[in-house]
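# Close look at the chain arrangement
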Amino acid sequence: MPVATVGTARIPYRVVGQGPALVLVHGTGPGSMMWDHLVDAFADRHTVILPELSGSEAAEDDGGALTVDLIAGQVEAVIEDADLGPADVMGFSLGAPLAVAVAARRPDLVRRLVAVAGWSHPDDEYLRNMMTVWLQIADNPEAFGRYATLTAFSRGHLQGIGREAVELNTTFMRPTPGVLRQIDLNLRLDVRDLLPRVRAETLVIGCAQDATIPVANHRELHAGIRGSEYAEFDTGHIVVFEQAEEFTKVVRDFLTV
């Protein structure tokens, strides 16, 4: 697996497929595995690049506090290391404002931008309390994972997949030091000043039933990026699982126009 070195960080990344580059920026959690079920749906026409950014299980760094500039710089370094830019960049959740930052800071590296279930600032009181509670239960790994599942999916999705699958989902998110650093960043990040600097064609995707990052934040992100397109799904936060096929079609159509 290739590795990009950025300061004290070593950022491994996977490369799958062929064609124009598509960088998938993961959100809070273990890392790029969240995209695994979608890779084949994009790799038939894209070279899919999946970085493992600071806080993920595979990344190595000094363990310090995370910043938007720090992780955006890691995404930029991966694109340059792969030598496949300019790339399409899609970020989910925490990955959405990070992808926005890359597009604003390095327009030469980003052809098109997709921001999924993201936000631009920490001034939403629901979001602040949600993330604060998540940190406060970090000493109870089972509750931490169950809370993540509860806020990640719509009630309809949880009912539909059944108890066994729900219980399996509660094991996905664990309070590792890296994940806690990412949640801390969730509480602090502010990319409002970067939104007017985005020049790439942009699609913002919102989730109407999102109990992690309320949909008003997705709509606000769209409003802040001049000329951006907007699509909204009737799902919880993790639209990439709840409506994977429909989500993939919307993104593929946008990237191939």
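Just so you know, the residues in each chain are numbered from 1, in the order the chain's sequence is written. The predicted nature of this model means local features are confined to residues of pLDDT at least 70 and side-chain atom pairs, given and counted, to a pLDDT of 80 or more, with totals for whole chains, interfaces and linings taken over all residues. Hydrogen atoms and water are omitted, and side-chain values are computed over all heavy atoms in the structure.

## Comments concerning the packing of aromatic side chains
- Two rings from Phe, Tyr or Trp (for Trp, the six-membered ring) form a pair when their centres sit within 6.5 Å of each other. Planes less than 30 degrees apart are called stacked, planes more than 60 degrees apart edge-to-face, and all others tilted. As enumerated under the stated definition, the model contains two aromatic pairs in all.
- Taking the centre distance of 5.1 Å and the plane angle of 20 degrees together, the rings of Trp134 and Phe144 count as stacked. Highlighted residues: Trp134 in helix H4 (residues 125-136) and Phe144 in helix H5 (residues 141-152), separated in sequence by 10 residues.
- Considering the side-chain rings of Phe233 and Phe247, the 6.4 Å spacing of their centres and the 50 degrees angle between planes classify their relative orientation as tilted. Of this pair, Phe233 sits in strand S8 (residues 229-233) while Phe247 sits in helix H10 (residues 244-256), placing them 14 residues apart in sequence.
- One residue, Arg112, lies across the ring of Phe254, its end atom 5.4 Å from the ring centre. Each helix is a run of DSSP H or I of at least 4 residues and each strand a run of E of at least 2, with the numbering of both proceeding from the N terminus. The criterion is that NZ of a Lys, or CZ of an Arg, lies within 6 Å of the ring centre and within 35 degrees of the ring normal, and then a charge sits over that ring.

## Things to note about the side chain of Thr248
- Considering the arrangement of structural elements, one finds Thr248 in helix H10.
- One polar contact links the side chain of Thr248 to the main-chain carbonyl oxygen of Ala244, over a distance of 2.7 Å.
- With residues up to four places along the chain from it excluded, the contact list for Thr248 reads Leu38, Ala41 and Phe42. Distance and chemistry together define a polar contact, namely a pair of N or O atoms within 3.5 Å, with one atom able to donate a hydrogen and the other to accept it when in protein, and with adjacent residues in sequence counting only for side-chain atoms on both sides. Residue contacts are counted whenever heavy atoms from the two residues lie within 4.5 Å of one another.

## Let's talk about the packing of helix H2 (residues 68-82) against helix H3 (residues 95-105)
- Closest axis-to-axis distance for the H2/H3 pair is 9 Å, and the angle between their directions is 70 degrees. On the basis of their axis angle, the class for H2 and H3 is roughly perpendicular. Facing Val68, Asp69, Ile71, Ala72, Gly73, Val75 and Glu76 of H2, the residues of H3 in contact are Leu98, Ala101, Val102 and Arg105. To get an axis, a line is fitted to the C-alpha atoms, and for a helix only the part in contact is used. The angle between two axes follows their N-to-C directions and goes from 0 to 180 degrees. Orientation labels follow simple angle bins: below 35 degrees gives roughly parallel, above 145 gives roughly antiparallel, 65 to 115 gives roughly perpendicular, and whatever is left gives oblique.

## Overview of the nonpolar core
- Among buried residues, the Ala, Val, Leu, Ile, Met, Phe, Trp, Tyr and Cys ones that are joined through side-chain atoms within 4.5 Å form a nonpolar core. Accessible area is worked out with a 1.4 Å probe on protein chains only. A residue is then buried under 20% of its type maximum, exposed over 50%, and partly exposed in between. Judged by nonpolar contacts, the single largest core of 56 residues is most densely connected at Val23, Val100, Val110, Leu113 and Trp134.
- Once you skip the residues sitting within four places of it in the chain, Val100 turns out to touch Leu113, Ala115, Leu195, Val198, Leu221 and Ile225.
- Of all hydrophobic cores here, the second largest spans 31 residues; its members include Ala152, Val166, Leu203 and Ile238.

## As for the packing of H4 against H5
- Between H4 and H5, the shortest axis-to-axis distance is 9 Å and the interhelical angle comes to 155 degrees. In this view, H4 runs roughly antiparallel relative to H5, as classed from their interaxial angle. By crossing handedness, the relation of H4 to H5 is classed as left-handed. Here H4 contributes Met130, Val133 and Trp134 to the contact with H5, which in turn contributes Phe144, Tyr147, Ala148 and Thr151.
- In terms of residue class, the contact of H4 with H5 is built from six nonpolar, one polar and no charged. In this scheme the handedness of a crossing depends on how the near helix is turned from the far one: anticlockwise by less than a right angle means left-handed, clockwise means right-handed. Each residue gets one of three labels, nonpolar for Ala, Val, Leu, Ile, Met, Phe, Trp, Tyr, Cys and Pro, charged for Asp, Glu, Lys and Arg, and polar for the others, Gly among them.

## A closer look at the pairing of strand S3 (residues 21-25)
- The element S3 is largely enclosed, with a buried count of five among its five residues.
- Neither face of S3 is left uncovered, since the one carrying Ala21, Val23 and Val25 and the one carrying Leu22 and Leu24 both have all their residues buried.
- Whether two strands pair comes down to DSSP finding at least two bridges between them. Sheet topology places S3 next to strand S4 (residues 47-51); three bridges connect them, and they run parallel. The residue bridging Ala21 from the neighbouring strand is Thr47, located in S4.
- As paired strands, S3 and strand S5 (residues 87-92) are joined by four bridges and run parallel to one another. Each residue of the ladder has a partner; that of Leu24, found in S5, is Met90.

## Structural notes on the pattern of salt bridges
- The term salt bridge refers to a pairing of a side-chain nitrogen on Lys or Arg with a carboxyl oxygen on Asp or Glu at a separation within 4 Å. The tally for this structure, following the rule as stated, stands at 18 salt bridges.
- Of the charged contacts, one joins Asp61 and Arg181 as a salt bridge, the two residues approaching to 2.9 Å between their closest N and O atoms. Placement of Asp61 in the loop between S4 and H2 and of Arg181 in helix H7 (residues 177-188) is noted, with a sequence separation of 120 residues between them.
- Across the pair Arg105 and Glu76 runs a salt bridge whose closest N-O atoms are separated by 2.8 Å. Here Arg105 is found in helix H3, whereas its partner Glu76 is found in helix H2, with 29 residues between them in sequence.
- Of the residues examined, Arg105 reaches a relative accessible area of 28% and is grouped as partly exposed.
- By relative accessible area, which is 7% here, Glu76 ends up buried.
- When salt bridges with common partners are traced through the structure, they connect Asp69, Glu76 and Arg105 into a single cluster.

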